[in-house]
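Geometric and topological summary
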Amino acid sequence: MARNHAGTTAIVTGASSGLGAEFARTLAARGANLVLIARRADRLTALADELAAAHGVDAHPLALDLAAPGAVEAVTTFVRERGLSIDSLVNNAGFGMHGELAEADAARIDEQVRLNVGALVSLTRAFLPEMTASGRGILVNVASTAAFQPLPYMAVYGATKVFVLSFTEAVAYETRESGLRVTTLCPGATRTEFFDVVGTQEARVGDYQTPEEVVATAIRALDARRTPSSVVSGGRNSAAAVLARIMPRSIVIPMTARLMAN
Ligand SMILES: NC(=O)c1ccc[n+]([C@@H]2O[C@H](COP(=O)([O-])OP(=O)(O)OC[C@H]3O[C@@H](n4cnc5c(N)ncnc54)[C@H](OP(=O)(O)O)[C@@H]3O)[C@@H](O)[C@H]2O)c1
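Rules used in this analysis
Residues numbered from 1 in each chain as written. Predicted model: local features only at pLDDT ≥ 70, side-chain atom pairs only at ≥ 80, totals over all residues. Heavy atoms only, no water. Phe/Tyr/Trp six-rings, centres within 6.5 Å; stacked < 30°, edge-to-face > 60°. Helix = DSSP H or I, 4+ residues; strand = E, 2+ residues; numbered from the N terminus. Buried < 20%, exposed > 50% of the residue type's maximum accessible area, 1.4 Å probe, protein only. Lys NZ or Arg CZ within 6 Å of the ring centre and 35° of its normal. Core = buried A, V, L, I, M, F, W, Y, C linked by side-chain atoms within 4.5 Å. Contact = heavy atoms within 4.5 Å. Near = heavy atom within 4 Å. Polar contact = N/O pair within 3.5 Å; in protein donor to acceptor, adjacent residues only side chain to side chain. Areas by Shrake-Rupley, 256 points an atom, 1.4 Å probe, with all protein chains shown as cover. Axes fitted to C-alpha atoms, helices over the stretch in contact; angles between N-to-C directions. Parallel < 35°, antiparallel > 145°, perpendicular 65-115°, else oblique. Left-handed = near helix turned anticlockwise from the far one by under 90°. Nonpolar A, V, L, I, M, F, W, Y, C, P; charged D, E, K, R; others polar. Pairing = 2+ DSSP bridges. Right-handed = clockwise from strand over helix to strand, strands pointing away. Salt bridge = Lys/Arg side-chain N within 4 Å of Asp/Glu carboxyl O.

The next thing to look at is the packing of aromatic side chains. Where two aromatic rings form a pair, the distance of their centres and the angle of their planes describe that pair. Evaluated as defined, the whole model comprises four aromatic pairs. Their ring planes at 20° and their centres at 5.9 Å tell us that phenylalanine 163 and phenylalanine 167 sit as a pair that is stacked. With phenylalanine 163 and phenylalanine 167 both in helix H5 (residues 155–174), this residue pair falls four residues apart, about one helical turn. A relative accessible area of 37% means that phenylalanine 163 is categorised as partly exposed. One aromatic cluster is present, formed by Tyr157, Phe194, Phe195 and Tyr208 through successive ring pairs. The ring of phenylalanine 95 has arginine 108 lying over it, and the distance from NZ or CZ to the ring centre is 3.9 Å.

Core analysis: the largest hydrophobic core is formed by 42 residues, its most contacted members being Ile11, Ile37, Leu66, Val75, Phe127, Met131 and Leu139. Contributing elements (two or more residues each) for this core: strand E2 (33–38), helix H3 (71–81), helix H4 (106–134), H5, strand E6 (181–186) and helix H8 (235–246). A per-element tally of this core places H4 first, with eight residues. If sequence neighbours within four positions are ignored, methionine 131 has contacts with Ile86, Asp87, Ser88, Leu89, Ile138, Leu139 and Leu180. One finds Ala10, Val12, Val57 and Val140 within the second-largest nonpolar core, a separate group that totals 31 residues.

Near the ligand there are 30 residues, and of these Ser17, Arg39, Arg40, Tyr157 and Thr192 occur at the shortest range. Within the contact set of the ligand, an oxygen atom lies 2.8 Å away from a backbone nitrogen or oxygen of threonine 190. Compared with its free state, where it exposes 890 Å², the ligand has 96% of that area covered by protein. Mapped onto the shell around the ligand, the elements with two or more residues apiece are helix H1 (18–29), H5 and helix H6 (194–198).

A few words on the packing of H3 against H4. It is at 9 Å that the axes of H3 and H4 come closest, and there the two elements cross at 30°. Judged by the inter-axis angle, H3 sits roughly parallel to H4. For the crossing formed where H3 meets H4, the hand is right-handed. Every residue of H4 that contacts H3 at Val72, Val75, Thr76, Val79 and Arg80 is listed here: Ala119, Ser122, Leu123, Ala126, Phe127 and Glu130. The residue inventory of the contact of H3 with H4, partitioned by class, reads seven nonpolar, two polar and two charged.

Turning our eyes to something else, we now look at the pairing of E2. Counting buried positions along E2 yields six of six residues, so the element is predominantly enclosed. Burial of E2 is two-sided: the residues Asn33, Val35 and Ile37 facing one way and the residues Leu34, Leu36 and Ala38 facing the other way are all buried. In terms of strand pairing, strand E1 (residues 9–13) meets E2 through five bridges, oriented parallel. Paired with threonine 13 across the strands is isoleucine 37, a residue of E2. In the classification by handedness, the crossover that spans E1, the intervening H1 and the parallel E2 is right-handed. Bridge analysis of E2 against strand E3 (residues 59–63) gives five bridges, and the strand direction is parallel. Bridge pairing links valine 35 to histidine 60 in E3. Note that the unit made of E2, helix H2 (residues 41–55) and E3 has a crossover that is right-handed.

Let's shift gears to the pattern of salt bridges. Opposite charge on two side chains allows them to pair when their charged atoms are near. On inspection of all chains with the given rule, the structure shows nine salt bridges. In this structure, the salt-bridge partner of arginine 40 is glutamate 193, at a minimum N-O distance of 3.2 Å. A residue pair is termed long-range when its members are at least 10 positions apart, and arginine 40 in the loop between E2 and H2 and glutamate 193 in the loop between E6 and H6 qualify at 153 residues. For arginine 40, a relative accessible area of 34% gives the class partly exposed. On the basis of relative accessible area, glutamate 193 is assigned to the partly exposed category, the value being 25%. By sharing partners, the salt bridges in this structure join Arg40, Arg43 and Glu193 into a single network.

If you walk across this open sheet you meet the seven strands as E3-E2-E1-E4-E5-E6-E7, and the pairing is parallel. Strand pairing shows two members of the sheet lacking a second neighbour, E3 and strand E7 (230–232), which therefore form its edges. Taken pair by pair, the neighbouring strands of this sheet meet at an average axis angle of 15°, ignoring direction. Against the sheet, H5 contacts strand E5 (138–142), E6 and E7, and its axis sits at roughly 160° relative to E6.

As structure tokens, this is what we get:
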């Protein structure tokens, strides 16, 4: 059954484009007030205005680099100063890099781990007590089909997504009695700005889905009578994820490397 979010408040990270903007639109359409976080202030403000006008919700833009020191404290301060209580959190902000690790920009690698893993864990920890107390909301952590096998040439990115999957499935178990719906969303290639940031469309495996398709998959899982602790978007991606999990690593890793080597 479609979950009503009227009167609740949700944080969406990475809301300035792609999957995050789509999550924000979907939650606003169900009545959720929003805290929209990313670095590009102009895009967040435009989205906040759009959602407030379309759905009559309160939408607060917060322009912030979540990989910077003190970022999560800045989020909690922003929330407390406005007297908000958080029911839902969509940890979606993330990026990937392509190429051999030995040649990768070391500072950018650190930033990737701080954003994809560090900020996600800290935001979850910061708001989990009030989210479980509310029991009306959702926690969505965005991983990837990269979580199902090592990813040569995107080694750090793949490993961050393994972390997100393991972490979120564990938190889903710990909070199972609370009413909070928790899932890990594992998209495959999706038509967003992601591959522009990666720097090559060639790192894509399989056909593109749209952000609308991917977010609809997450929302269906969250609306289900029993929310699964992880959900893969797309039939082909789901089949590939199953295969990657059962095939020997000695086969899966070179196969993935060939797809990623461009
Ligand atoms: N697209 C795909 O094929 C695909 C597949 C699997 C998983 N995913 C995952 O899906 C999630 C969303 O990505 P997307 O596909 O929607 O890509 P996207 O269009 O590039 O969106 C990424 C979002 O993260 C924000 N962001 C990046 N660095 C940030 C930082 N340091 N601080 C705060 N916000 C930051 C970006 O906003 P600003 O630049 O304004 O900060 C943007 O809103 C990511 O976790 C990604 O790993 C994507």
